[in-house]
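Read off the chains here:
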Amino acid sequence: MKYNFPKDFWWGSAVSGPQTEGVFPGDNKGDSTWDYWYKQKPELFFDQVGPEKTSYTYLRFKEDVQLLKETGHNSFRTSIQWSRLIPTGDGEVNQDAVRFYNEYIDELIANDIEPFINLYHFDMPMSLMEKGGWESRATVEAYVRYAKICFELFGDRVKKWFTNNEPIVPVEGGYLYQFHYPAIVDLRKAIQVGYHENLASAMAISAYRQLNLDGEIGIILNLTPSYPRDVNNPEDVKASIICDAFFNRSFLDPAIKGTFPQELIDIVKELGMLPEYEANDLDIIKENTVELLGVNYYHPRRVKAKETPKNPLIPMPDDYFDMYDMPNKKMNPYRGWEIYERGVYDLLINLRDNYGNIPCFISENGMGVENEARFIKEDGSIEDDYRIDFVAGHLRYVHDALQEGSNVKGYHMWTAIDNWSWTNAYKNRYGFVSVDIDNEGKRTIKKSGHWFKTVADNNGFD
Ligand code: BGP
(Lines give C-alpha, C1' and ligand atoms only; values in the text may rest on other atoms or scores of the structure.)
Protein backbone atom coordinates (compact mmCIF):
# COMPACT_ATOMS: atom_id res chain seq x y z
CA MET A 1 0.00 0.00 0.00
CA LYS A 2 1.35 3.37 -1.00
CA TYR A 3 0.08 5.37 1.99
CA ASN A 4 0.38 3.23 5.08
CA PHE A 5 -0.46 4.64 8.49
CA PRO A 6 0.84 3.51 11.88
CA LYS A 7 -0.92 0.79 13.84
CA ASP A 8 -3.57 2.28 16.16
CA PHE A 9 -3.95 5.40 14.00
CA TRP A 10 -7.19 7.15 14.99
CA TRP A 11 -9.71 7.03 12.16
CA GLY A 12 -12.92 8.84 12.75
CA SER A 13 -14.83 12.08 12.69
CA ALA A 14 -16.15 14.85 14.88
CA VAL A 15 -19.49 16.37 15.77
CA SER A 16 -20.71 18.53 18.62
CA GLY A 17 -23.63 18.14 21.03
CA PRO A 18 -25.51 21.29 19.98
CA GLN A 19 -25.24 20.35 16.30
CA THR A 20 -26.58 16.82 16.62
CA GLU A 21 -28.61 16.12 19.74
CA GLY A 22 -31.76 18.16 19.24
CA VAL A 23 -34.04 19.67 21.87
CA PHE A 24 -37.06 17.75 23.13
CA PRO A 25 -39.98 18.54 25.42
CA GLY A 26 -39.20 17.18 28.86
CA ASP A 27 -35.45 16.69 28.29
CA ASN A 28 -34.81 19.41 30.89
CA LYS A 29 -32.14 21.07 28.78
CA GLY A 30 -31.52 24.75 29.48
CA ASP A 31 -31.19 27.25 26.65
CA SER A 32 -27.78 27.95 25.19
CA THR A 33 -27.11 31.19 23.33
CA TRP A 34 -28.08 29.34 20.13
CA ASP A 35 -31.51 28.30 21.38
CA TYR A 36 -32.11 31.85 22.60
CA TRP A 37 -30.81 33.60 19.47
CA TYR A 38 -32.87 31.39 17.19
CA LYS A 39 -36.03 32.17 19.17
CA GLN A 40 -35.22 35.89 18.93
CA LYS A 41 -34.08 36.08 15.31
CA PRO A 42 -34.91 32.99 13.25
CA GLU A 43 -34.34 35.00 10.07
CA LEU A 44 -30.59 34.94 10.77
CA PHE A 45 -30.55 31.17 10.29
CA PHE A 46 -30.39 29.55 6.86
CA ASP A 47 -33.89 28.45 5.83
CA GLN A 48 -34.91 29.50 9.36
CA VAL A 49 -33.88 26.10 10.72
CA GLY A 50 -32.86 26.24 14.38
CA PRO A 51 -30.91 24.09 16.81
CA GLU A 52 -33.91 22.05 17.93
CA LYS A 53 -34.09 20.49 14.46
CA THR A 54 -30.78 18.66 14.37
CA SER A 55 -30.20 15.06 13.43
CA TYR A 56 -31.87 13.96 16.71
CA THR A 57 -28.94 12.00 18.08
CA TYR A 58 -30.47 12.38 21.57
CA LEU A 59 -33.03 9.79 20.50
CA ARG A 60 -31.13 7.99 17.73
CA PHE A 61 -27.63 7.57 19.13
CA LYS A 62 -27.70 3.77 18.89
CA GLU A 63 -28.46 3.90 15.18
CA ASP A 64 -25.82 6.60 14.73
CA VAL A 65 -23.15 4.57 16.50
CA GLN A 66 -23.86 1.72 14.07
CA LEU A 67 -23.35 4.15 11.19
CA LEU A 68 -20.02 5.16 12.72
CA LYS A 69 -19.04 1.50 12.72
CA GLU A 70 -20.14 1.07 9.13
CA THR A 71 -17.99 4.01 8.11
CA GLY A 72 -14.82 2.70 9.71
CA HIS A 73 -14.58 4.69 12.94
CA ASN A 74 -12.29 3.51 15.73
CA SER A 75 -12.65 6.88 17.48
CA PHE A 76 -15.17 9.70 17.48
CA ARG A 77 -15.47 13.16 19.02
CA THR A 78 -18.59 14.77 20.31
CA SER A 79 -19.18 17.40 22.98
CA ILE A 80 -21.19 17.46 26.14
CA GLN A 81 -23.67 20.32 26.07
CA TRP A 82 -23.06 22.43 29.14
CA SER A 83 -26.67 23.68 29.02
CA ARG A 84 -27.96 20.10 28.90
CA LEU A 85 -25.88 18.85 31.81
CA ILE A 86 -26.29 21.98 33.94
CA PRO A 87 -29.30 23.88 32.55
CA THR A 88 -28.47 27.15 34.32
CA GLY A 89 -24.73 26.77 33.77
CA ASP A 90 -23.84 26.91 37.46
CA GLY A 91 -26.72 25.17 39.27
CA GLU A 92 -28.24 21.69 39.52
CA VAL A 93 -27.12 18.77 37.36
CA ASN A 94 -29.80 17.44 34.99
CA GLN A 95 -30.11 13.68 35.63
CA ASP A 96 -31.69 13.10 32.19
CA ALA A 97 -28.48 14.43 30.67
CA VAL A 98 -26.35 12.20 32.89
CA ARG A 99 -28.34 9.18 31.73
CA PHE A 100 -28.08 10.21 28.06
CA TYR A 101 -24.32 10.85 28.07
CA ASN A 102 -23.68 7.65 30.04
CA GLU A 103 -25.64 5.59 27.53
CA TYR A 104 -24.08 7.33 24.52
CA ILE A 105 -20.52 6.88 25.83
CA ASP A 106 -21.17 3.25 26.77
CA GLU A 107 -22.64 2.54 23.35
CA LEU A 108 -19.52 3.89 21.64
CA ILE A 109 -17.21 1.85 23.84
CA ALA A 110 -19.30 -1.31 23.37
CA ASN A 111 -18.78 -0.86 19.63
CA ASP A 112 -14.99 -0.39 19.95
CA ILE A 113 -15.16 3.31 19.16
CA GLU A 114 -13.10 5.42 21.52
CA PRO A 115 -15.03 8.48 22.72
CA PHE A 116 -13.16 11.78 22.52
CA ILE A 117 -15.15 14.22 24.63
CA ASN A 118 -15.03 17.97 24.27
CA LEU A 119 -16.46 20.32 26.90
CA TYR A 120 -17.27 23.49 24.99
CA HIS A 121 -18.27 23.89 21.37
CA PHE A 122 -19.62 27.47 21.02
CA ASP A 123 -22.54 26.71 23.37
CA MET A 124 -22.71 29.18 26.27
CA PRO A 125 -25.63 28.54 28.65
CA MET A 126 -27.94 31.53 28.20
CA SER A 127 -28.27 32.23 31.91
CA LEU A 128 -24.49 32.75 32.08
CA MET A 129 -24.53 34.82 28.88
CA GLU A 130 -27.00 37.16 30.56
CA LYS A 131 -24.25 37.82 33.11
CA GLY A 132 -21.63 38.44 30.41
CA GLY A 133 -20.65 34.94 29.23
CA TRP A 134 -16.89 34.68 28.69
CA GLU A 135 -16.56 38.42 29.34
CA SER A 136 -17.08 37.61 33.01
CA ARG A 137 -14.67 35.91 35.40
CA ALA A 138 -17.68 34.21 37.06
CA THR A 139 -18.17 32.20 33.86
CA VAL A 140 -14.62 30.89 34.14
CA GLU A 141 -15.43 29.63 37.65
CA ALA A 142 -18.72 28.09 36.48
CA TYR A 143 -16.96 26.40 33.56
CA VAL A 144 -14.30 24.85 35.79
CA ARG A 145 -17.04 23.48 38.07
CA TYR A 146 -18.85 22.07 35.01
CA ALA A 147 -15.61 20.52 33.71
CA LYS A 148 -14.95 18.87 37.05
CA ILE A 149 -18.47 17.45 37.15
CA CYS A 150 -17.90 15.94 33.67
CA PHE A 151 -14.57 14.40 34.69
CA GLU A 152 -16.15 12.91 37.82
CA LEU A 153 -19.19 11.56 36.01
CA PHE A 154 -17.55 10.14 32.89
CA GLY A 155 -13.79 10.14 33.50
CA ASP A 156 -13.73 6.45 34.43
CA ARG A 157 -14.49 5.59 30.78
CA VAL A 158 -13.52 8.67 28.75
CA LYS A 159 -9.75 8.77 28.27
CA LYS A 160 -9.49 11.68 25.84
CA TRP A 161 -10.80 15.04 26.99
CA PHE A 162 -10.74 18.43 25.29
CA THR A 163 -11.42 21.69 27.07
CA ASN A 164 -12.69 23.71 24.11
CA ASN A 165 -13.24 23.54 20.36
CA GLU A 166 -12.00 26.45 18.26
CA PRO A 167 -11.98 28.98 21.11
CA ILE A 168 -11.07 31.79 18.70
CA VAL A 169 -14.43 31.40 16.94
CA PRO A 170 -16.63 32.76 19.78
CA VAL A 171 -14.17 35.70 19.92
CA GLU A 172 -14.44 36.36 16.19
CA GLY A 173 -18.10 35.50 15.84
CA GLY A 174 -19.43 37.11 19.01
CA TYR A 175 -17.24 40.19 19.34
CA LEU A 176 -15.69 41.09 15.96
CA TYR A 177 -17.56 39.78 12.91
CA GLN A 178 -21.09 39.20 14.25
CA PHE A 179 -21.89 35.60 13.38
CA HIS A 180 -22.30 34.37 16.97
CA TYR A 181 -24.35 35.84 19.80
CA PRO A 182 -24.00 38.59 21.13
CA ALA A 183 -22.87 39.70 17.65
CA ILE A 184 -21.23 42.96 18.65
CA VAL A 185 -18.04 44.68 17.47
CA ASP A 186 -15.78 45.38 20.41
CA LEU A 187 -12.09 44.51 20.35
CA ARG A 188 -11.60 45.18 24.06
CA LYS A 189 -14.30 42.66 24.97
CA ALA A 190 -13.00 40.25 22.32
CA ILE A 191 -9.59 40.28 24.04
CA GLN A 192 -11.18 39.70 27.46
CA VAL A 193 -13.22 36.78 26.11
CA GLY A 194 -10.18 35.15 24.50
CA TYR A 195 -8.18 35.62 27.67
CA HIS A 196 -10.87 34.05 29.84
CA GLU A 197 -11.21 31.09 27.47
CA ASN A 198 -7.46 30.49 27.72
CA LEU A 199 -7.56 30.78 31.50
CA ALA A 200 -10.63 28.51 31.79
CA SER A 201 -8.91 25.85 29.68
CA ALA A 202 -5.80 25.90 31.88
CA MET A 203 -7.90 25.77 35.06
CA ALA A 204 -9.90 22.80 33.72
CA ILE A 205 -6.63 21.01 32.90
CA SER A 206 -5.47 21.65 36.45
CA ALA A 207 -8.76 20.28 37.84
CA TYR A 208 -8.42 17.19 35.64
CA ARG A 209 -4.88 16.49 36.82
CA GLN A 210 -5.88 16.86 40.45
CA LEU A 211 -8.36 14.03 40.00
CA ASN A 212 -5.59 11.65 38.92
CA LEU A 213 -7.70 9.92 36.33
CA ASP A 214 -6.28 7.62 33.73
CA GLY A 215 -6.53 9.69 30.55
CA GLU A 216 -5.26 12.67 28.58
CA ILE A 217 -6.48 16.22 28.21
CA GLY A 218 -6.02 18.64 25.35
CA ILE A 219 -7.71 21.34 23.29
CA ILE A 220 -9.04 21.56 19.74
CA LEU A 221 -7.77 24.55 17.75
CA ASN A 222 -8.68 25.65 14.26
CA LEU A 223 -5.27 26.48 12.87
CA THR A 224 -5.48 28.48 9.68
CA PRO A 225 -1.95 28.88 8.37
CA SER A 226 -1.08 32.38 7.22
CA TYR A 227 0.87 32.70 4.00
CA PRO A 228 2.27 36.10 2.93
CA ARG A 229 1.51 37.26 -0.61
CA ASP A 230 5.21 37.73 -1.28
CA VAL A 231 7.75 36.02 0.97
CA ASN A 232 10.38 38.51 -0.18
CA ASN A 233 8.33 41.53 0.86
CA PRO A 234 8.99 42.23 4.56
CA GLU A 235 5.70 44.14 4.94
CA ASP A 236 3.70 41.16 3.68
CA VAL A 237 5.66 38.82 5.93
CA LYS A 238 5.08 41.06 8.95
CA ALA A 239 1.34 41.26 8.21
CA SER A 240 1.20 37.50 7.97
CA ILE A 241 3.04 37.04 11.29
CA ILE A 242 0.58 39.37 13.04
CA CYS A 243 -2.42 37.64 11.48
CA ASP A 244 -1.01 34.32 12.72
CA ALA A 245 -0.51 35.77 16.21
CA PHE A 246 -4.13 36.99 16.38
CA PHE A 247 -5.88 33.96 14.98
CA ASN A 248 -3.65 30.95 15.70
CA ARG A 249 -1.01 31.69 18.29
CA SER A 250 -3.41 33.52 20.63
CA PHE A 251 -4.53 30.04 21.70
CA LEU A 252 -1.78 27.76 20.39
CA ASP A 253 1.02 29.39 22.41
CA PRO A 254 -0.78 29.44 25.76
CA ALA A 255 -2.10 25.89 25.20
CA ILE A 256 1.31 24.38 24.44
CA LYS A 257 3.95 26.80 25.72
CA GLY A 258 1.96 28.41 28.53
CA THR A 259 2.68 31.94 27.27
CA PHE A 260 1.07 34.51 24.97
CA PRO A 261 2.89 35.57 21.78
CA GLN A 262 4.97 38.70 22.29
CA GLU A 263 3.69 40.25 19.03
CA LEU A 264 0.16 40.09 20.43
CA ILE A 265 1.10 41.41 23.86
CA ASP A 266 2.81 44.39 22.21
CA ILE A 267 -0.25 45.25 20.14
CA VAL A 268 -2.69 44.82 23.01
CA LYS A 269 -0.54 47.02 25.26
CA GLU A 270 -0.23 49.68 22.59
CA LEU A 271 -4.01 49.71 22.22
CA GLY A 272 -4.40 49.99 25.98
CA MET A 273 -6.55 46.88 25.94
CA LEU A 274 -4.84 44.48 28.33
CA PRO A 275 -7.56 42.24 29.79
CA GLU A 276 -8.49 42.24 33.45
CA TYR A 277 -6.57 39.51 35.23
CA GLU A 278 -5.65 38.25 38.67
CA ALA A 279 -2.17 37.94 40.13
CA ASN A 280 -1.48 34.24 39.61
CA ASP A 281 -3.38 33.73 36.33
CA LEU A 282 -0.23 33.64 34.23
CA ASP A 283 1.24 30.94 36.48
CA ILE A 284 -1.91 28.86 36.07
CA ILE A 285 -1.62 29.19 32.28
CA LYS A 286 2.11 28.44 32.39
CA GLU A 287 1.73 25.32 34.53
CA ASN A 288 -1.28 23.72 32.86
CA THR A 289 -0.47 23.16 29.23
CA VAL A 290 -2.11 20.46 27.10
CA GLU A 291 -0.74 16.99 26.47
CA LEU A 292 -2.64 16.45 23.22
CA LEU A 293 -3.65 18.87 20.47
CA GLY A 294 -6.51 18.55 18.01
CA VAL A 295 -5.98 20.53 14.82
CA ASN A 296 -8.96 21.59 12.74
CA TYR A 297 -7.84 22.52 9.26
CA TYR A 298 -10.12 23.70 6.48
CA HIS A 299 -8.30 26.32 4.43
CA PRO A 300 -5.32 28.71 4.51
CA ARG A 301 -5.24 32.48 4.92
CA ARG A 302 -3.46 34.52 2.24
CA VAL A 303 -2.23 37.75 3.76
CA LYS A 304 -0.72 40.98 2.47
CA ALA A 305 0.39 44.25 4.04
CA LYS A 306 -2.46 46.61 4.93
CA GLU A 307 -3.55 48.56 1.88
CA THR A 308 -7.17 49.44 2.58
CA PRO A 309 -7.82 52.38 4.93
CA LYS A 310 -8.64 51.42 8.49
CA ASN A 311 -11.66 52.67 10.37
CA PRO A 312 -10.18 55.12 12.91
CA LEU A 313 -13.12 54.73 15.28
CA ILE A 314 -13.34 50.94 15.59
CA PRO A 315 -10.07 49.08 16.27
CA MET A 316 -9.95 45.63 14.68
CA PRO A 317 -7.29 42.92 14.18
CA ASP A 318 -7.59 43.62 10.46
CA ASP A 319 -6.00 47.02 11.04
CA TYR A 320 -2.71 45.14 10.76
CA PHE A 321 -3.17 43.14 7.55
CA ASP A 322 -5.34 42.63 4.49
CA MET A 323 -6.48 39.43 2.88
CA TYR A 324 -4.95 38.61 -0.44
CA ASP A 325 -7.00 37.01 -3.19
CA MET A 326 -4.46 34.67 -4.74
CA PRO A 327 -4.99 34.09 -8.46
CA ASN A 328 -5.46 30.54 -9.73
CA LYS A 329 -5.98 29.02 -6.32
CA LYS A 330 -7.78 25.68 -6.11
CA MET A 331 -11.30 26.22 -4.83
CA ASN A 332 -14.04 24.13 -3.32
CA PRO A 333 -16.73 25.28 -5.75
CA TYR A 334 -19.47 24.17 -3.35
CA ARG A 335 -18.44 26.22 -0.28
CA GLY A 336 -16.25 29.04 -1.61
CA TRP A 337 -13.17 28.06 0.41
CA GLU A 338 -9.70 27.52 -1.00
CA ILE A 339 -8.47 23.93 -0.99
CA TYR A 340 -4.80 23.77 -0.11
CA GLU A 341 -3.89 20.25 0.93
CA ARG A 342 -0.29 21.11 1.70
CA GLY A 343 -1.49 23.38 4.51
CA VAL A 344 -2.02 20.35 6.71
CA TYR A 345 1.61 19.34 6.22
CA ASP A 346 2.86 22.86 7.01
CA LEU A 347 0.84 22.89 10.23
CA LEU A 348 2.15 19.51 11.37
CA ILE A 349 5.75 20.41 10.58
CA ASN A 350 5.35 23.69 12.47
CA LEU A 351 4.14 21.72 15.51
CA ARG A 352 7.11 19.37 15.12
CA ASP A 353 9.66 22.16 14.89
CA ASN A 354 8.27 24.92 17.08
CA TYR A 355 5.92 23.23 19.57
CA GLY A 356 7.96 20.31 20.88
CA ASN A 357 6.36 17.85 18.47
CA ILE A 358 3.35 17.62 20.76
CA PRO A 359 1.14 14.54 20.21
CA CYS A 360 -1.60 15.76 17.90
CA PHE A 361 -4.24 14.66 15.45
CA ILE A 362 -6.25 16.23 12.68
CA SER A 363 -9.49 16.74 14.57
CA GLU A 364 -11.53 18.32 11.75
CA ASN A 365 -10.99 18.57 8.04
CA GLY A 366 -13.87 18.58 5.68
CA MET A 367 -15.52 19.59 2.50
CA GLY A 368 -18.74 21.51 2.76
CA VAL A 369 -21.13 21.20 -0.15
CA GLU A 370 -24.03 23.59 -0.51
CA ASN A 371 -27.24 21.93 -1.64
CA GLU A 372 -25.66 18.49 -1.82
CA ALA A 373 -29.17 17.06 -2.18
CA ARG A 374 -28.93 17.89 -5.91
CA PHE A 375 -26.47 14.98 -6.23
CA ILE A 376 -28.75 12.38 -4.64
CA LYS A 377 -29.42 9.43 -6.94
CA GLU A 378 -32.67 7.53 -7.15
CA ASP A 379 -31.59 4.92 -4.62
CA GLY A 380 -30.83 7.73 -2.14
CA SER A 381 -27.03 7.44 -2.41
CA ILE A 382 -24.60 10.27 -3.10
CA GLU A 383 -21.49 9.70 -5.22
CA ASP A 384 -19.35 12.29 -3.52
CA ASP A 385 -16.08 11.62 -5.32
CA TYR A 386 -15.12 15.28 -4.70
CA ARG A 387 -15.08 14.49 -0.95
CA ILE A 388 -12.98 11.34 -1.47
CA ASP A 389 -10.45 13.41 -3.47
CA PHE A 390 -10.45 16.02 -0.72
CA VAL A 391 -9.78 13.53 2.08
CA ALA A 392 -7.19 11.54 0.09
CA GLY A 393 -5.41 14.75 -0.90
CA HIS A 394 -5.06 15.81 2.74
CA LEU A 395 -4.19 12.32 3.97
CA ARG A 396 -1.25 12.17 1.54
CA TYR A 397 0.19 15.23 3.21
CA VAL A 398 -0.49 13.84 6.69
CA HIS A 399 1.44 10.78 5.54
CA ASP A 400 4.34 12.93 4.32
CA ALA A 401 4.47 14.70 7.69
CA LEU A 402 4.48 11.34 9.47
CA GLN A 403 7.39 10.19 7.35
CA GLU A 404 9.23 13.31 8.45
CA GLY A 405 8.71 12.69 12.15
CA SER A 406 5.43 14.44 12.93
CA ASN A 407 3.71 13.13 16.06
CA VAL A 408 0.30 13.00 14.35
CA LYS A 409 -1.84 10.22 15.77
CA GLY A 410 -5.03 10.31 13.80
CA TYR A 411 -7.35 11.86 11.28
CA HIS A 412 -10.93 12.89 12.04
CA MET A 413 -13.23 14.27 9.41
CA TRP A 414 -15.85 16.90 9.87
CA THR A 415 -18.25 15.13 9.97
CA ALA A 416 -19.87 11.76 10.49
CA ILE A 417 -23.50 12.44 9.70
CA ASP A 418 -24.67 15.68 8.05
CA ASN A 419 -25.48 18.07 10.83
CA TRP A 420 -26.83 21.48 11.72
CA SER A 421 -24.19 24.20 11.61
CA TRP A 422 -25.06 27.37 13.54
CA THR A 423 -26.43 30.16 11.37
CA ASN A 424 -25.61 28.10 8.28
CA ALA A 425 -28.00 25.41 9.59
CA TYR A 426 -28.13 22.67 6.92
CA LYS A 427 -26.74 24.80 4.09
CA ASN A 428 -23.36 23.08 3.74
CA ARG A 429 -23.25 19.31 4.09
CA TYR A 430 -20.04 17.66 5.28
CA GLY A 431 -20.98 14.14 6.33
CA PHE A 432 -19.97 10.63 5.34
CA VAL A 433 -23.67 9.98 5.85
CA SER A 434 -26.50 12.14 4.52
CA VAL A 435 -29.55 13.18 6.50
CA ASP A 436 -32.90 13.89 4.94
CA ILE A 437 -34.38 16.39 7.39
CA ASP A 438 -37.70 16.41 5.55
CA ASN A 439 -37.97 12.63 5.72
CA GLU A 440 -37.71 11.88 9.45
CA GLY A 441 -33.96 12.43 9.36
CA LYS A 442 -33.36 9.35 7.22
CA ARG A 443 -29.63 8.50 7.07
CA THR A 444 -27.83 7.09 3.99
CA ILE A 445 -24.11 6.35 3.79
CA LYS A 446 -22.44 8.30 0.97
CA LYS A 447 -19.77 6.86 -1.31
CA SER A 448 -17.12 8.65 0.78
CA GLY A 449 -18.34 6.84 3.90
CA HIS A 450 -17.84 3.43 2.28
CA TRP A 451 -14.46 4.55 0.95
CA PHE A 452 -13.36 5.79 4.38
CA LYS A 453 -14.18 2.39 5.87
CA THR A 454 -11.82 0.65 3.45
CA VAL A 455 -9.09 3.18 4.28
CA ALA A 456 -9.58 2.65 8.03
CA ASP A 457 -9.79 -1.15 7.68
CA ASN A 458 -6.59 -1.26 5.60
CA ASN A 459 -4.95 1.46 7.67
CA GLY A 460 -4.04 3.21 4.45
CA PHE A 461 -4.74 3.50 0.74
CA ASP A 462 -3.06 3.52 -2.65
C1 BGP B 1 -16.06 24.24 12.02
C2 BGP B 1 -16.82 24.03 13.33
C3 BGP B 1 -17.96 23.12 13.18
C4 BGP B 1 -18.68 23.16 11.82
C5 BGP B 1 -17.79 23.44 10.62
C6 BGP B 1 -18.56 23.73 9.32
O7 BGP B 1 -15.24 25.35 12.10
O8 BGP B 1 -16.01 23.51 14.37
O9 BGP B 1 -18.82 23.27 14.28
O10 BGP B 1 -19.90 23.71 11.86
O11 BGP B 1 -16.88 24.46 10.90
O12 BGP B 1 -18.95 25.06 9.14
P13 BGP B 1 -19.96 25.60 8.03
O14 BGP B 1 -21.22 24.84 8.16
O15 BGP B 1 -20.13 27.05 8.33
O16 BGP B 1 -19.36 25.39 6.68
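Under the annotation held in an unreviewed UniProt entry, the protein chain carries the name Glycoside hydrolase family 1 protein and is attributed to Brochothrix thermosphacta. According to the UniProt record, the Sequence similarities (unreviewed entry) comment for the protein chain is "Belongs to the glycosyl hydrolase 1 family."

Q: Looking at this structure, how should I read the site of the ligand?
A: In the neighbourhood of the ligand, the contacting residues comprise Ser16, Gln19, Asn165, Glu166, Asn222, Asn296, Glu364, Gly368, Trp414, Ser421, Asn424 and Asn428. The residue makeup of the shell around the ligand, split by class, is 1 nonpolar, 9 polar and 2 charged.

Q: Help me out: how do you make sense of the sheet that holds strand β6 (residues 216-222) in this one?
A: Adjacent strands of a sheet pair through backbone hydrogen bonds, lying either parallel or antiparallel. Reading around the circumference, β2-β3-β4-β5-β6-β8-β13-β15 is the order of the 8 strands in this closed barrel, with parallel pairing throughout. Averaged over all adjacent pairs, the angle separating strand axes in this sheet is 30°, with direction ignored. Relative to strand β15 (residues 408-413), strand β13 (residues 360-364) is paired through 2 bridges, and the arrangement is parallel. In the strand pairing of β15, Ile362 is matched with Tyr411.

Q: I keep staring at unusual backbone geometry and nothing clicks. Help me out?
A: Trans is the prevailing form of peptide bonds, just as negative phi is the prevailing case for residues other than glycine. Residue Pro182 is bonded to the preceding Tyr181 through a cis peptide linkage, with omega at 10°. Within the secondary structure, Pro182 is located in the loop between α8 (168-175) and α9 (187-210). Here Trp414 and Thr415 are connected by a cis peptide whose omega angle stands at 15°. Of note, Thr415 is situated in the loop between β15 and β16 (428-429). The backbone phi angle of Glu166 is positive, close to 50°, even though this residue is not glycine. Inspection of the secondary structure puts Glu166 in the loop between β5 (160-165) and α8. Among the residues examined, Glu166 registers 24 C-beta atoms within 10 Å and is labelled buried. A positive phi angle, near 55°, is found at Ala183, a position not held by glycine. You can see Ala183 is positioned in the loop between α8 and α9. Since 17 C-beta atoms lie within 10 Å of it, Ala183 is described here as partly exposed.

Q: I would appreciate a short explanation of the UniProt feature "active site" (unreviewed entry) in the protein chain in the present structure.
A: The sites that UniProt annotates as "active site" (unreviewed entry) are Glu364. Along the polypeptide, Glu364 turns up in strand β13. Classification of Glu364 as buried rests on a count of 22 C-beta atoms within 10 Å. If we ignore the near neighbours within four places in the chain, the residues touching Glu364 are Ala14, Asn296, His412 and Trp414.

Q: Can you walk me through the packing of helix α13 (residues 342-354) against helix α14 (residues 385-403) in this structure?
A: How two helices sit against one another is set out by the angle between their axes and by the gap between those axes. Where α13 contacts α14, the two axes come as close as 7 Å, and the packing angle between them is 25°. Classified by the angle between their axes, α13 and α14 sit roughly parallel to one another. Once α13 is placed against α14, the crossing between them reads as right-handed. For the pair α13 and α14, contact is made by Arg342, Val344, Tyr345, Leu348 and Ile349 and by His394, Tyr397, Val398, Asp400 and Ala401, respectively. Taken together, the residues that form the contact of α13 with α14 break down as 7 nonpolar, 1 polar and 2 charged.

Q: What is the right way to read the pairing of β6 from this model?
A: The side chains of a regular strand alternate, residue by residue, between the two faces of the sheet. In terms of burial, β6 is largely enclosed, as 6 of its 7 residues are buried. Both β5 and β6 contribute to a ladder of 4 bridges, which runs parallel. Counterpart to Asn165 in the pairing with β6 is Ile220. Of the strand pairs in this sheet, β6 and strand β8 (residues 292-296) are connected by 5 bridges, and their pairing is parallel.

Q: Got a minute to help me understand the pairing of β5 in this structure?
A: Taking burial as the measure, the 6 residues of β5 include 5 buried ones, the bulk of the element. Pairing analysis gives 3 bridges linking strand β4 (residues 114-118) to β5, with the strands arranged parallel. Within the sheet, the bridge partner assigned to Ile117 lies in β5 and is Trp161.

Q: For this particular structure, what's the right way to read helix α3 (residues 57-70)?
A: Note that an α-helix has 3.6 residues per turn; residues three or four places apart therefore point the same way. The first and last C-alpha atoms of α3 sit only 17 Å apart over 14 residues, clearly below the 20 Å expected at 1.5 Å per residue. Along α3, the sharpest kink reaches roughly 45°, centred on Glu63. Taken together, the buried residues of α3 touch α1 (17-20), β3 (75-79) and α5 (95-110).

Q: Looking at this structure, how should I read the packing of α14 against helix α15 (residues 447-458)?
A: Orientation of α14 relative to α15, taken along the N-to-C sense of each, is 35°, at an axis distance of 8 Å. Taken as a pair, α14 and α15 cross one another with a handedness that is right-handed. Facing α14, whose interface residues are Asp385, Arg387, Ile388 and Val391, α15 presents Lys447, Ser448, Trp451 and Phe452. Classifying every residue of the contact of α14 with α15 gives 4 nonpolar, 1 polar and 3 charged.

Q: Hey, could you run me through the nonpolar core in this one?
A: Judged by nonpolar contacts, the single largest core of 117 residues is most densely connected at Ala147, Ala204, Leu221, Leu293 and Val398. The leading source of residues in this core is α9, at 12 residues. With near-sequence residues (within four places) excluded, Ala147 lies in contact with Leu119, Thr163, Ala204 and Ala207. In this structure, Ala239, Ile242, Cys243 and Phe321 belong to the second largest nonpolar core, which totals 7 residues.

Scoring rules and cut-offs
Residues numbered from 1 in each chain as written. Predicted model: local features only at pLDDT ≥ 70, side-chain atom pairs only at ≥ 80, totals over all residues. UniProt positions renumbered as here; feature names shortened; annotations may be inferred. Near = placed C-beta within 6 Å. Nonpolar A, V, L, I, M, F, W, Y, C, P; charged D, E, K, R; others polar. Pairing = 2+ DSSP bridges. Helix = DSSP H or I, 4+ residues; strand = E, 2+ residues; numbered from the N terminus. Axes fitted to C-alpha atoms, helices over the stretch in contact; angles between N-to-C directions. Buried ≥ 20, exposed ≤ 12 C-beta atoms within 10 Å, placed from the backbone. Contact = placed C-beta atoms within 7 Å. Parallel < 35°, antiparallel > 145°, perpendicular 65-115°, else oblique. Left-handed = near helix turned anticlockwise from the far one by under 90°. Expected span 1.5 Å × (residues − 1). Bend = angle between axes of the 7 residues up to and from the residue. Core = buried A, V, L, I, M, F, W, Y, C linked by C-beta atoms within 7 Å.

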